[in-house]
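Below, each chain spelled out in residue letters.
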Amino acid sequence: MYRNFASNNTRTTANLLGLKYLLKDFSDVPTKKFTKLSADEVNQILSIQELNSNWTFNAISLGRKYQFQNFQDSFSFMAQVSQIAEQMKHYPKWYNKNGLVTIDLTTNEVKGVTFKDLLLAYTADHISQIIQSNQNNSIFDNCNIHVENLIQSWNNNYQRSQELNQVIDKSVNFL
């Protein structure tokens, strides 16, 4: 049984409770059908994956609060988790106020917690650890987005727009 996810560029492997799920990437999750887990199964997976003890489980959901130094870090956390959630087509219910993010995970189709919720919880914990261990000055640093790239992209789009306008101007002159 694997204690953590093992990654080798193309596959993520998780072996939980004797079941082995091979995912090419997070976008494979929507193609899988997961059943509702019992309280014992949820607690066992929380332990196996060494998820933070701040996760609370009730009959239908898994919840946790994350405290960040500032709103910018909490927003960065939500942005990065949302990228994974979008790939998984599995969306958390969450709230962000003054650097405190409250997250609630449940799988509506089964009215309870499934492997999808635990996978997203695992992901959220790791993203949180990375953000809290890095003292970046900018939200763009936390998101691995660089302002220079944004500016370059903006300029490239503007340049393409100008070139398109020149082509249109030339074609209009021929009419």
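Residues numbered from 1 in each chain as written. Predicted model: local features only at pLDDT ≥ 70, side-chain atom pairs only at ≥ 80, totals over all residues. Heavy atoms only, no water.

With that out of the way, let us pick up the sheet that holds strand β6 (residues 93-97). Ordered in space as β4-β5-β7-β6, the four strands form an open sheet in which the pairing is antiparallel. Either end of the sheet is taken by a strand with one partner, and the two such strands are β4 (56-57) and β6. Packing against the sheet, helix α3 (residues 115-133) makes contact with β5 (62-67) and β7 (100-105), and its axis sits at approximately 5° to β5. (Pairing = 2+ DSSP bridges. Helix = DSSP H or I, 4+ residues; strand = E, 2+ residues; numbered from the N terminus. Contact = heavy atoms within 4.5 Å. Axes fitted to C-alpha atoms, helices over the stretch in contact; angles between N-to-C directions.)

Looking now at the packing of aromatic side chains. Scanning the entire structure with this criterion turns up six aromatic pairs. Ring centres 6.3 Å apart and planes at 25° place the aromatic pair Y66 and F68 in the stacked group. Here Y66 matches F68 in class, with each residue buried. Ring centres of Y66 and F77 lie 4.7 Å apart, and the angle between their planes is 45°; this geometry places the pair in the tilted category. Of this pair, Y66 sits in strand β5 while F77 is found in helix α2 (residues 71-88), placing the two residues 11 residues apart along the sequence. F77 matches Y66 in its accessibility class, with the two residues each being buried. (Phe/Tyr/Trp six-rings, centres within 6.5 Å; stacked < 30°, edge-to-face > 60°. Buried < 20%, exposed > 50% of the residue type's maximum accessible area, 1.4 Å probe, protein only.)

For the rest of this paragraph, the subject is the confidence of the model for the protein chain. Mean pLDDT over the protein chain works out to 75, with 62% of the residues at or above the 70 mark. The secondary structure element of the protein chain with the lowest average pLDDT is strand β1 (residues 6-7), at 38, and the one with the highest is β7, at 97. Counting interchain partners and residues more than four positions distant, the pLDDT-below-50 stretch residues 1-20 has 50 contacts. (pLDDT = per-residue confidence, 0-100.)

Bringing the nonpolar core into the picture now. W55, L62, Y66, F77 and L118 are the most contacted members of the largest nonpolar core, which totals 30 residues. Mapped by element, the contributors of at least two residues to this core are α1 (39-48), β5, α2, β7 and α3. Broken down by element, the residue count for this core peaks at nine residues, all from α3. Ignoring any residue separated from it by four or fewer positions in sequence, one finds F77 in contact with Y66, F68, V101, A124, I127, S128 and I131. (Core = buried A, V, L, I, M, F, W, Y, C linked by side-chain atoms within 4.5 Å.)

So, about the environment of I45. One can find I45 in helix α1. We classify I45 as buried; its relative accessible area is 3%. Residues I45 and F115 lie 70 residues apart in sequence; the distance between their C-alpha atoms is 8.8 Å.

In this section: the pairing of β6. For a regular strand, side chains alternate in direction, first toward one face of the sheet and then toward the other. Note: β6 against β7, five bridges, orientation antiparallel. Bridge pairing links N96 to V101 in β7. Counted between consecutive antiparallel strands, the loop separating β6 from β7 contains two residues, among which N98 sits at a positive phi close to 55°.

A separate point is the pattern of salt bridges. One pass over the structure, following the stated rule, counts three salt bridges. A salt bridge links K89 to E86, with the shortest nitrogen-to-oxygen separation between them at 3.1 Å. With relative accessibility at 39%, the residue E86 sits in the partly exposed group. Measuring nitrogen to oxygen at the nearest pair gives 3.6 Å for the salt bridge that ties E109 to K116. Overall, the relative accessible area of 65% leaves E109 in the exposed class. (Salt bridge = Lys/Arg side-chain N within 4 Å of Asp/Glu carboxyl O.)

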